[in-house]
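Next come the chains, spelled out residue by residue.
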Amino acid sequence: MKDPSAQLVMFGAPPPAWALRRPKPYWQVAWDLVGAPLRMALLPDTKSEALHLTSLRAERLGVVLPELRGRVLDIGAGDNVLVRLHQQRSTGADKDASDASVGLDLVDWGGGCVIVPDCRTLPFGDASFDTVMFVACLNHIPERVEAIAEARRVLRPGGRIVVTMISKLVGDVGHAIWWYSEDKHRQVADGEVMGMDPADVERLLREAGFAHLCHTRFVYGLNHMFIATRVE
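Now for a quick tour of the structure. This structure is a prediction, so every number in the text was calculated from the model and none was measured.

1. Considering the packing of aromatic side chains
- Inspection of the entire model under this criterion finds one aromatic pair.
- Between phenylalanine 124 and phenylalanine 129 the ring centres are 5.1 Å apart and the planes differ by 85°, which places this aromatic pair in the edge-to-face class. Neither phenylalanine 124 nor phenylalanine 129 differs from the other in exposure class; each is buried.
- In this structure, arginine 71 packs its charged tip against the face of phenylalanine 129, placed 4.1 Å from the ring centre.

2. Quick word on the pattern of salt bridges
- This structure, assessed with the given rule, holds 16 salt bridges.
- Ionic pairing is found between arginine 22 and glutamate 59, a salt bridge with its closest N-O pair at 3.4 Å. Taken together, the positions of arginine 22 in the loop between helix H1 (17–20) and helix H2 (26–34) and glutamate 59 in helix H5 (residues 56–64) put the pair 37 residues apart, joining distant regions of the chain.
- Assessed through its relative accessible area of 31%, arginine 22 is described here as partly exposed.

3. As for the nonpolar core
- Among the nonpolar cores identified, the biggest contains 29 residues, and Leu73, Ile75, Val132, Phe134 and Ile161 are the most heavily contacted of them.
- Counting residues per element, the ones that place at least two in this core are strand E1 (72–75), strand E2 (102–105), strand E4 (129–135), helix H8 (144–154), strand E5 (155–166), helix H10 (198–207) and strand E7 (223–229).
- With residues up to four places along the chain from it excluded, the contact list for valine 132 reads Leu73, Ile75, Ala151, Val154, Leu155, Arg160, Ile161 and Val162.
- Residues Trp18, Leu82, Leu85 and Trp178 belong to the second largest nonpolar core, which totals 24 residues.

4. A few points about the pairing of strand E6 (residues 211–218)
- As defined by bridge partners, E6 adjoins E7 across six bridges and the pair is classed as antiparallel. In the strand pairing of E7, histidine 215 is matched with phenylalanine 226.
- The antiparallel pairing of E6 with E7 creates a hairpin that spans four residues between the two strands, and valine 219 there sits at a positive phi of about 55°.

5. Here's the deal with the sheet that holds E6
- Ordered in space as E3-E2-E1-E4-E5-E7-E6, the seven strands form an open sheet in which the pairing is mixed. Sheet topology places strand E3 (114–115) and E6 at the edges, where each strand pairs with a single neighbour.
- With three bridges connecting them, E1 and E2 associate as parallel partners. Residue pairing in the sheet places leucine 73 in a bridge with valine 102 of E2.
- Relative to the sheet, helix H6 (residues 81–89) contacts E1, E2 and E4, its axis offset from that of E1 by approximately 160°.

Parameters and conventions
- Residues numbered from 1 in each chain as written.
- Predicted model: local features only at pLDDT ≥ 70, side-chain atom pairs only at ≥ 80, totals over all residues.
- Heavy atoms only, no water.
- Phe/Tyr/Trp six-rings, centres within 6.5 Å; stacked < 30°, edge-to-face > 60°.
- Buried < 20%, exposed > 50% of the residue type's maximum accessible area, 1.4 Å probe, protein only.
- Lys NZ or Arg CZ within 6 Å of the ring centre and 35° of its normal.
- Salt bridge = Lys/Arg side-chain N within 4 Å of Asp/Glu carboxyl O.
- Helix = DSSP H or I, 4+ residues; strand = E, 2+ residues; numbered from the N terminus.
- Core = buried A, V, L, I, M, F, W, Y, C linked by side-chain atoms within 4.5 Å.
- Contact = heavy atoms within 4.5 Å.
- Pairing = 2+ DSSP bridges.
- Axes fitted to C-alpha atoms, helices over the stretch in contact; angles between N-to-C directions.

The following block contains the structure:
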């Protein structure tokens, strides 16, 4: 397997502020539509942003950032940009909690994440986070049932889990096309898949005991966001 620390095409500086602005200006919506084949299939995120196209990472971050509350655990955090953006945006009573947010990953991409061997057992106490995130990564976690159970354990009652995902078909096609994807530079683990259908994500969340499930779509309906609550 190649050294993942050398594969930085999808990591680095956060997206520019304009790429995270929601709602988008009408002209940006139109430009993104014109450039959809480039930003969705051919160009790495930083190249899309250089052309003033909203990158796929910016689409995900722009959708999930408003959903973050308090102390956040971002599982599969990569370069930890989501946690840093949440901390920068938090003010007032939420600031102390957000400053204690944590990114977690299996590989050290240089973002200051907590590094673990897998997600079966998370190194945090019960009920210690307000929000747990799985941004475009749950499909890459073979032990996803245990990971969701651990997410529920570390969430406070009333805390929320947020998951973004592409469907299995979109994932299989996309990962075959995305020459810059990090899975091209490493061995794919047993049990890892390139996408998950919405019904499968919803089933995982419900079977783990989450409630008040909300499912929305973004990026032309090809991406899905799921938000659910720990009710006890």
